[in-house]
Amino acid sequence: MKAGIARGGANQPGARRARALGLLRYATMPAVIVAAFAASVLLPAGDGGLNNTAFATGSVECPIPTDIALLFDRSGSMGTPASKMTNAKAAAIGFVDAFAGGSMDTDLSPHEMAAVSFSTNATTDQALTTSATAMRTAINAYAASGYTNLGTGLWLAANQLEQPTDPDADPDTNDYMVLLSDGAANMPFDIDNTGTENDLYLDVNDNGYVDSGDDLSVTSPGGGTPDFVVVNGLLQINGGTQSQRNAARLKAFDVNNSGTLTGADDYNFGAGYNFRVIDGALYLDMNADGSFSVEAASPDDSTDFTPGMTDELAVVRDGSVEGGTNFSGDGADVYAQYWSQQIRDGGTYLYVIGYELGDSDAALLAAIASPGGYFPGAPSDISSIFTQIAQRICQISVQKTRTSGAQAPVGGTVTYSLTISNGAQSSDLQNVDVTDTFDPTKLSFVSASLAPTSVVPAGTLTWDNLTHDPGDGDPQVWEPGTSRTITLTFTALAVTANTDNCASVTSDSVASPSVHPSAGPACVGVEILAPTATPTNTPTNTPTPTNTPTNTPTPTNTPTN
């Protein structure tokens, strides 16, 4: 191919990244969260008791307007056991409730949400709305079936953040995506097959979503009809029969018009394009480094995918994208990671919650997340992870962890760590004040790695105008991503089945001082046991030995001859 490259749309490759480095929006502008949910287990609200880690619980104080799209995995694996889907939906609805202000509130204002889900294919189930009721209805309708078309779900959810659905103008620096999944991708299956689930979308203009600017037409040397064609992001592999679709795919990848796909079929579309034909196969730049990691073997069919995310091969020569329903590192996984990278480069912060994953699935989902945005989840902590993400989206979060055992004897040592974080993308915070409370009849404060400003009244520790660590020129101003961890030591005083230690935080927005992001309380308990009695040694009388007389033999005279 050569000569004829026709490109559609005003947004050219590379423009999105330049935009993302431009102006930042602060508290007066809407934030956007895209939240994707798959497997989760809902536990009772609150994280006190004997759990060793707690995030802030309850409704989220989120004064910054927030647009949220929930992307929910409803693939077949979500149905085993049946409680898996039930609990996942309940957890997602709890996330909606947090932004609505409670389970009985029907209005999300000033926030908006959309519901998107995926299995074999992906669907928009509720467009962006201020109705919490509509969101709950959409989520409650989900049922588990089919495969996992994660890549399509990602770009479809991202489109909820863009005009005309989202009226916010770029750069929209408070965009978020939160993906919760119980496994890696296994769709599309084959681009030669019928069905929209096998469609492959490319971000031609490199702006992080699918739009009318994603058009491309490339004609092979010698003229004729275009060979490699993308319309509105969709790679065109058309035909009424299987053989016609096979021929369309061959035409798209047969760079030298030889009639077969070989190692000679290479085509570089040019600077700024995030896809390339190499060795007669399609590669996607899934890490946006401008280069392509190439498969070592000849990419003939699905058996030639290499396990692990070691290359960027998306479509092999025979059109296959999937290497197996449980294969990690095939084209379906590359396609998902490609779209996650495009979305992140467009300015969206991507949280990922992985629910009890195997090592290979966890590796993919961790790679999809923005730095610091991956949360592996177990049944005991999935609900608190949702709350923690909500708190981070709303700028500030508090996490309390008991670093000593779940039980301590009276007189024993109980230790905690307390972490405060500014999770916002663009908003600085100041006047960060932290309060730690405990029952002074059960625990006695000993020390903290950073001494509190005040230790009165009894049972209350406060840190006024806390600084982040490591510091900078002005550590009292908390830029996005800054945090502080404080360790605390107590002595156990009295027997109790449980006593909680709770932390809360308040702050002010630098850009809008009337906005006061806060979080908490986050509570963690400890059981205090009665002291173990130290045994007293009772002296044992040692009997006085009795002398036993020893008989001395009487010598016998030996006669002398």
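Within any chain, residue numbers begin from 1 and follow the written order of that chain's sequence. Local features in a predicted model are, by the rule used here, given only for residues with pLDDT of at least 70; side-chain atom pairs are given and counted only at 80 or more, and totals for whole chains, interfaces and linings are based on all residues. Excluded from the side-chain calculation are hydrogens and water; included are all heavy atoms of the structure.

Draft legend 1. A look at the overall build of the protein. The helix and strand labels rest on DSSP assignments: H or I over at least four residues marks a helix, E over at least two residues marks a strand, and numbering proceeds from the N terminus. If you tally the helices and strands in the protein, you get eight helices and 24 strands. Burial analysis of the protein (561 residues in total) assigns 52% to the buried set. Considering only contacts in the protein between residues 6 or more positions apart, those separated by 24 or more positions represent 69%. When the accessible surface of the protein is totalled, it reaches about 22400 Å², and 53% of it is carbon and sulfur. Burial classes: relative accessible area under 20% of the type maximum marks a residue as buried, over 50% as exposed, and values in between as partly exposed (1.4 Å probe, protein chains only). Pairs of residues are marked as contacts when any of their non-hydrogen atoms sit within 4.5 Å. Here the Shrake-Rupley method, with its probe set to 1.4 Å, supplies the accessible areas, and only the displayed protein chains count as covering residues.

Draft legend 2. Main features of the state of the cysteines. By definition, disulfides here are pairs of cysteine sulfur atoms that lie within 2.5 Å. The full count for this structure, using the stated rule, is one disulfide. Between the sulfur atoms of cysteine 502 and its disulfide mate cysteine 523 the distance is 2.1 Å. What sets the handedness of the cysteine 502 and cysteine 523 disulfide is the S-S torsion sign, and at about 115° it is right-handed. With cysteine 502 in strand β23 (residues 496–509) and cysteine 523 in strand β24 (residues 518–529), this residue pair connects regions lying 21 residues apart in the sequence.

Draft legend 3. Geometry of the nonpolar core. Counting residues in each nonpolar core, the largest one holds 58 residues, and the members touching the most others are Phe228, Phe275 and Leu282. Per-element accounting of this core gives the leading share, seven residues, to helix α6 (residues 331–345). Setting aside residues no more than four positions away along its own chain, phenylalanine 275 makes contact with Leu202, Val204, Leu216, Phe228, Phe269, Leu282, Tyr283, Leu284, Phe292 and Tyr338. For the purposes of this section, nonpolar cores are sets of buried Ala, Val, Leu, Ile, Met, Phe, Trp, Tyr and Cys residues that join through side-chain atoms within 4.5 Å. Ranked by size, the runner-up nonpolar core spans 37 residues in total, among them Met78, Ala115, Val178 and Tyr349.

Draft legend 4. Focus on the packing of aromatic side chains. Working definition: a ring pair exists when centres of Phe, Tyr or Trp rings (six-membered ring for Trp) sit within 6.5 Å. Plane angles under 30 degrees give stacked, over 60 give edge-to-face, the rest tilted. Taken as a whole and judged by the stated rule, the model has 18 aromatic pairs. The interplanar angle of 70° and the centroid separation of 5.7 Å between the aromatic rings of tyrosine 273 and phenylalanine 275 together place this pair among those described as edge-to-face. Judged by its relative accessible area of 1%, phenylalanine 275 falls in the buried class. Taken together, the ring pairs connect Phe228, Tyr267, Phe269, Tyr273 and Phe275 into an aromatic cluster. A ring is considered to have a charge above it if a Lys NZ or an Arg CZ atom is located within 6 Å of its centre and within 35 degrees of its normal. Directly above the aromatic system of tyrosine 416 lies the positively charged group of lysine 400, at a separation of 4.9 Å from the ring centroid.

Draft legend 5. Looking closely at the pattern of salt bridges. Just to be clear on terms, a salt bridge is a Lys or Arg side-chain nitrogen sitting within 4 Å of an Asp or Glu carboxyl oxygen. What the rule picks out here adds up to seven salt bridges. As a salt-bridge pair, aspartate 192 and arginine 249 come within 2.7 Å of each other at their nearest N and O atoms. With a gap of 57 residues between them, aspartate 192 in the loop between β7 (175–181) and β8 (216–219) and arginine 249 in helix α5 (residues 242–253) connect regions that are remote in the sequence. Residue arginine 249 is classed as buried on the basis of its relative accessible area of 9%. For the salt bridge of lysine 251 with aspartate 227, the shortest nitrogen-to-oxygen distance reads 2.7 Å. Of the two residues, lysine 251 is situated in helix α5 and aspartate 227 in the loop between β8 and β9 (228–231); the sequence distance between them amounts to 24 residues. Overall, aspartate 227 belongs to the buried group, its relative accessible area being 6%.

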